[in-house]
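Architecture and fold: a report
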Amino acid sequence: MPPKKACVSSISPSLLPLLLPREKKKNKSGKKPQPNPPSNAGNHSRAGLPTDPAALLEVSLYHRWSMLLDPNGGNAGGGAASGNNKGKQQQPKLAPRLTPNLMQEFLTTTLQILQIGSRGTVEQLIRSLGSAAGLNRVQQLMQAVLAPSGNMAKTFSFTQHCMPFLQILAHREMRDASASKEGVRSLFNCVYGLDGDFGRAFFNWVMFHLEGAYAGSTITDDALYTAASALFNTLNLSQGAAGQENFNGIALRLDEIVSRSTITSTSDMINSAQQEVARIKVLLQIAEPSPVKQRTQLHSGDVSRPDVDFPGELSREGPRHDNDHSDIARIKVLPTREEIISHRNPFLPERSLDYPHYCQGISRVLDFHFRLLREDTSGQIREVLKILMDDWDNLIVARANRAAAKGPNSKSPQCKVLGTRIFIHSNPKVESVRCSNREGVILIVSFDQPSNVQGLDSLKRREWWQTTKSLSLGTLLCLVDRQMRVTFMAVSERTVTIMDGTNSNPRFGQWDLAGNDKRAFITLRLVDSITQSNLETIFGIGSTGEKALVEFPSLLFVSFDPILRSLQQVSRRRNLPFLKWLSPWPDFEYFADPRSEEYVKVPPPRYLTKPGVKLNLNRIAKRGYFGLDYSLDKQLTVANLREATTLDPGQCEALLACLSRELALSYLGIQLVKILLANRRTTNIGPIICVCYTNHALDQFLEHLLDEGIMNIIRIGSPPAAERHAVAKTLNSLHQIEKNIQSTSSNLLELSSPRTLKSFLETTYPSAFSEIFSTMDDEGFERVTRGVRCDDQHLLNEWLAGRLNTLSVTRHTHRPLATLRKTSVLAMSAVERRTLLDSWRQEMKSRNTESLIRATMNHEAQRKFLNSQHELQDRRCLQAANVIGVTTTGLALHADLIRTLNAKVLICEEAAEVLEAHLLTAMIPKMEHAILIGDHFQLRPQITNYDFSVENPQGGKAYGLNTSLFERLVEVERYGGKRFPIAQLDTQRRMHPSIASLVRNTLYPGLKDHPLMADRPTVTGMTKRLFWMDHRNPEEGDDNKQGSTSYANLWEADMVVGLVQHLARQGTYKSGEIAVLSPYMRQLSILKKRLASTFEVVLGERDQEQLDEMIAAGQLETEATQVGKKGDLLSEVRVATVDNFQGEEAKVIVISLVRSNNRNKCGFLKTSNRINVLLSRAQEGMYIIGNAETCSKVPMWNAVISMLEEGRSIDRQLQICCPRHPRSPLFIEHPKDFSRLSPEGGCNEKCMWSLSCGHPCVNKCHSDFLHRNTKCLVPCNRSFEYCDHACPKTCGEPCGACNHRVKGVRLPCGHVPKNLLCHQLQDLSAVRCPAKIQRKLERCGHTAMVPCSQDPTRYRCKMQCQVILPCQHWCASECWVCDMNVHGPCRALCGRKYMACPHICGYPCHGPKNVLLFYGGYQWRSRN
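1. As for the side chain of R137
Looking at the element boundaries, R137 is found in helix α5 (residues 132–146). This buried residue, R137, is left without a salt bridge; D70 holds the nearest opposite charge, at 6.0 Å.

This is how it looks when you write it as structure tokens:
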């Protein structure tokens, strides 16, 4: 009997025709089922059966499995066993127990379907396992194997039943399943049992058999891995299982067997088992004591160093504040009020393992990075707000008063506090509250226009807001009041418009920044869940005094908030891959690499350890090579790979290292991606995730992949990845919640409004409402005071004044509030009325606050559900992609979505520039292979707090926050005394050998030059391709510009400009082939201005952003727009800072070092990483301009100077040459020497070449490029073809047409113009006659003076229309406007008399209808 339809509701479409019942049965409604729709999936015969053998096998297996699961078909396709039965429905009848043979068949069939089934079939199988029928089978099996006695226990065996069941629990689909996650959790909750009793007994029984097998030497590595993976899945996927000490004994027993097995076996499977056991220990929080360092787990009373005070409850003095916790998952990313005002220093652990800490292993790594990264970002906010609160009167109140007094000539409202740039916006006020499905609660906040904007006209005000970087999208702000309450928000929408002066009130216009001359309006969103304190700050409840809106423009909230939150999420789960390498523990065993005892052996990726898996490398082979394979059983050699591909030996070695190591450090990426994608089906690795720190680096990497023919790439950004279609029910619910939020917010904003009070009393205290706000008296007459109808405010004032009292009352009674609530409001004294009113408002505040908090929480829950529905669509798109490109921040933002993907390979480009915290969040649990591409000798990650930098000699190395994971693995960590292997670049293909020698002899001793590099051409116009021009001209300091630490050197800037112009005049280099580098942004700004008069200066995106920020902060002068004529040299010159030029290159590099002082302080260029980047960008030539004495105290600079001195490539004079006279070098000592010695890029000798016209060239010696562009200035001696007039131009100009003026020529129309140009005589019919003649226009009949050459049918008549309109006025529009009898609006005054008075209507004409009539002082519009 085939299974019923309920069993296959989510099966792959290709299987539906087979699995649906063939006989036509009636459904519950009594109607016959409709015939099955034809399926487009797979190959089907006419009978509807799949013809593909694999599909036939899948259908057969699932058919048999469904019968074994539930022969009655009662609940096979249902959901989790939590039960969906409603009302009086009966529980499904459970299927009878299976015999041991049938149970074995059931388990093996389950494994087969998991292995070969399609996605839909597998997900349905997992859901069915989590249904009542599936859990019945699981319980039957576990009860049988755990039964103390009986025939059933004897017939169920460990090998035939338990091992297949463990393989099911350990299968990758159990971790990968997202669409069927409820079924997975139900399954593992069943295995775990109540409080873990069932699971503990089962796995103790498993350990008993494994220990027996180990003692008898019959245990297999596969069995150990299966047991370890099944136990991990049970603990990880069961609710409340993580951290249960009852499983510690099982984990330690398993750890002991695995550890012993590593002595006799070094297979990849046993290594995988070790990793699973390590993950189990992390889940169970089993401490890892070190026998070498004796790093015992510390508690609050066990502190070896008195200067170390642990956080939260572990602190000797108790928690520092309400946001001080030992568990980082409980710490809020942004500081709280108590944290800001606290005077105790935060707990900031050092990196060294000798430093006391209460965590170990990966928990310690996560704790270290979270606390230091939060201090590096959020810590700045805390310190700034602390300064503002401590000096509120001076920094907030007095500053606002001074700004108001200075008026429009004052500076922008920015300042710098502790090195952090902030904007302080005065008198903020929440104007409106609304909701968004994407961002939650949205606030419209107004504040005083900046003092330098007040008084400006609307155009200048709009221009200021459009050009300023203040309040950019995503900018973080803090609303703070005098009570030191803080609420953090971010800019959600930024609008700059000009509003009509007649509608300057924002309530009738648009909320924008520039529309109102007094107040600016911005749309903000809350960055965290709303709290009672937030509401009090937002709505001003209980607030006295001033408020301030503090903006942090230099802190990009979205760049650190997702990372910190993702670290918290990882710390809860602690299911990171590669724990053996991320957090080395002494209990791990590390083996030496057979090829080198110095390095540790890194096992291969798990997907390569499966039997029979091999990688086809034909994708990178030379044309004609086939059968190039790689596997663990048959590994390629470097020689074999080099022969079959175009890779050099170093690249071959790096490629093999990447393929054979689960965590690889390399410089090779593109070729590896091509190989992995070519074998994606074989390895089942899913999409490859490519991450980078910056958008620029990510885009470059993805473009390289596209250039190599790799398609189907998805780039994830901050906006949603696909178009959203929400669930209608959820949207309706959100709409209702939003209406509730807006209504409640309006009540809180207008607590003192009579309208709000009236609405509250009507629903809460109806008797008080009727007594105060009723407009009818006891006899049914309307209340009127002095002839005026009573409104709500008037009635409230009358009640407070006692004029509504109709009952006798003692004047000075002061009864308690409880009594007043039971008394008529018309029988109270003035004090009692005021007391009761205050209590009503307090109750309104409490009720609305609670309602708003509940509504926002409900709104957040509904939004999360809606987003989860959207992510299901995104997941299908992402899972089908070849490559997913995303920044580390973007990955953290979409972490929940990406963790659901079956993605096993991660490639990180420029990994040495990525903070380790960012990479830790990118390590998703299913990851089996990670390749970090980078060079730890180049730039380190960027951080804000120099105290945490490894480059800080005053304690920074203790923290080393800017040490990347790449650098830590290579330089810091040791694994059993062995180094982590790295595939380093050994053959460079960029620089000429003489340039490459500078980094080869200092950082890369094994670096080789590709043979083609020696053939790089010489630099035209220079005697040497590598030279350092030494000088002693002093630098310019920061001039105390808003705390800037940037420097400049004007002499060097002039020298750079002269050298670039000299190189450009040679005509050899094209756009972008010359680049100018400098370490300082201030020097960059000067170079940009001075080069802009001759060249198109190109700045990178990051340089331009930093330049704009410094200009906005007042650290640099505003760049004036220079309108200068560009020369014909080359169109573009790239100008960049050193840090933003990593990964770039140019043919010729000109470097300005800037620093030149007697203190020999080198500044930014004192670190070898930055020097390395600076010296390795040039292909053909590099010229350094700087003070060698200042740099000589730095060891690497000293080595470079020594090499240049040996090659005589450093001097006080820069040597240039004339390419046409190379034997006479020219020596440049000053920037002016370029124009004196080489005015045209050559020398001072006269040019000996003739121009193309035959005249001799009168210029100085110059290049062929400039010679071809030289214009001859000799008077032209040519004549025109059609006349005898002489050409008045010079020889170098084209003659063009003859413009000699001729008089007395008659045109074909008969008119004689005053003058004609000679060339116009050649075709008089083309001359447009300017004479005007009188013509009658056919379209309107008017007479007009029209140019002779004008077509009268196209002439626009300017006469008045004068047609009588329906309103009886003359039409005053121009005739052409009213063409085709379509008249514009009447612009005359109305002029009609009012019906009720003798006055005349002075409004613009409004036609015969809608006449304004006034009767009895009321205004209405006639409908006639």
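2. What about the pairing of strand β4 (residues 440–448)?
Counting buried residues along β4, eight of its nine residues qualify, which places the element largely inside the surrounding structure. As paired strands, strand β3 (residues 429–436) and β4 are joined by seven bridges and run antiparallel to one another. Each residue of the ladder has a partner; that of S436, found in β4, is G440. Two elements, β4 and strand β7 (residues 519–526), share seven bridges in a ladder whose sense is antiparallel. Bridge pairing in β7 links L443 to L524.

3. Some points on the packing of helix α7 (residues 158–170) against helix α10 (residues 197–215)
It is the contact of α7 with α10, at a shortest axis distance of 12 Å, that shows an interaxial angle of 125°. By the angle between their directions, the pair α7 and α10 is classed as oblique. Crossing geometry of α7 relative to α10 is assigned as left-handed. Taking contact as the criterion, the partners of F158, C162, F165 and L166 in α7 are, on α10, F202, F203, W205, V206, H209 and L210. In terms of residue class, the contact of α7 with α10 is built from nine nonpolar, one polar and no charged.

4. Some remarks on the sheet that holds strand β20 (residues 929–933)
The parallel open sheet is built from six strands, whose spatial order is β13-β20-β19-β14-β18-β15. Strands at the two margins of the open sheet, each flanked by one partner only, are β13 (663–666) and β15 (713–715). Between one strand and the next, the sheet's axes are offset by a mean angle of 20°, whatever the strand orientation. Summarising the sheet, strand β19 (residues 905–908) and β20 pair through four bridges and their orientation is parallel. Bridge pairing links I907 to I931 in β20. Against the sheet, helix α22 (residues 649–660) contacts β13 and β20, and its axis sits at roughly 160° relative to β13. Sitting on the sheet, helix α23 (residues 670–678) is in contact with β14 (688–692), β18 (883–887), β19 and β20, with an inclination near 155° to β14.

5. Notes on the confidence of the model for the protein
For the protein, the average pLDDT comes to 79, and 79% of its residues sit at 70 or higher. Scored below 50 in pLDDT, residues 149–153 shows four contacts in the model against residues more than four places distant or in partner chains.

6. Some remarks on unusual backbone geometry
One non-glycine residue with positive phi stands out, namely N427, at about 50°. Assignment of secondary structure puts N427 in the loop between β2 (420–426) and β3. By relative accessible area, N427 is classed as partly exposed at 40%. The phi angle at M484 is positive, at roughly 65°, despite the residue not being glycine. Mapped onto the fold, M484 is located in the loop between β5 (476–481) and β6 (486–493). Under the relative-accessibility criterion, M484 is labelled partly exposed at 25%.

The rules behind the values
- Residues numbered from 1 in each chain as written.
- Predicted model: local features only at pLDDT ≥ 70, side-chain atom pairs only at ≥ 80, totals over all residues.
- Heavy atoms only, no water.
- Helix = DSSP H or I, 4+ residues; strand = E, 2+ residues; numbered from the N terminus.
- Buried < 20%, exposed > 50% of the residue type's maximum accessible area, 1.4 Å probe, protein only.
- Lys, Arg positive; Asp, Glu negative; His and termini not counted.
- Salt bridge = Lys/Arg side-chain N within 4 Å of Asp/Glu carboxyl O.
- Pairing = 2+ DSSP bridges.
- Axes fitted to C-alpha atoms, helices over the stretch in contact; angles between N-to-C directions.
- Parallel < 35°, antiparallel > 145°, perpendicular 65-115°, else oblique.
- Left-handed = near helix turned anticlockwise from the far one by under 90°.
- Contact = heavy atoms within 4.5 Å.
- Nonpolar A, V, L, I, M, F, W, Y, C, P; charged D, E, K, R; others polar.
- pLDDT = per-residue confidence, 0-100.

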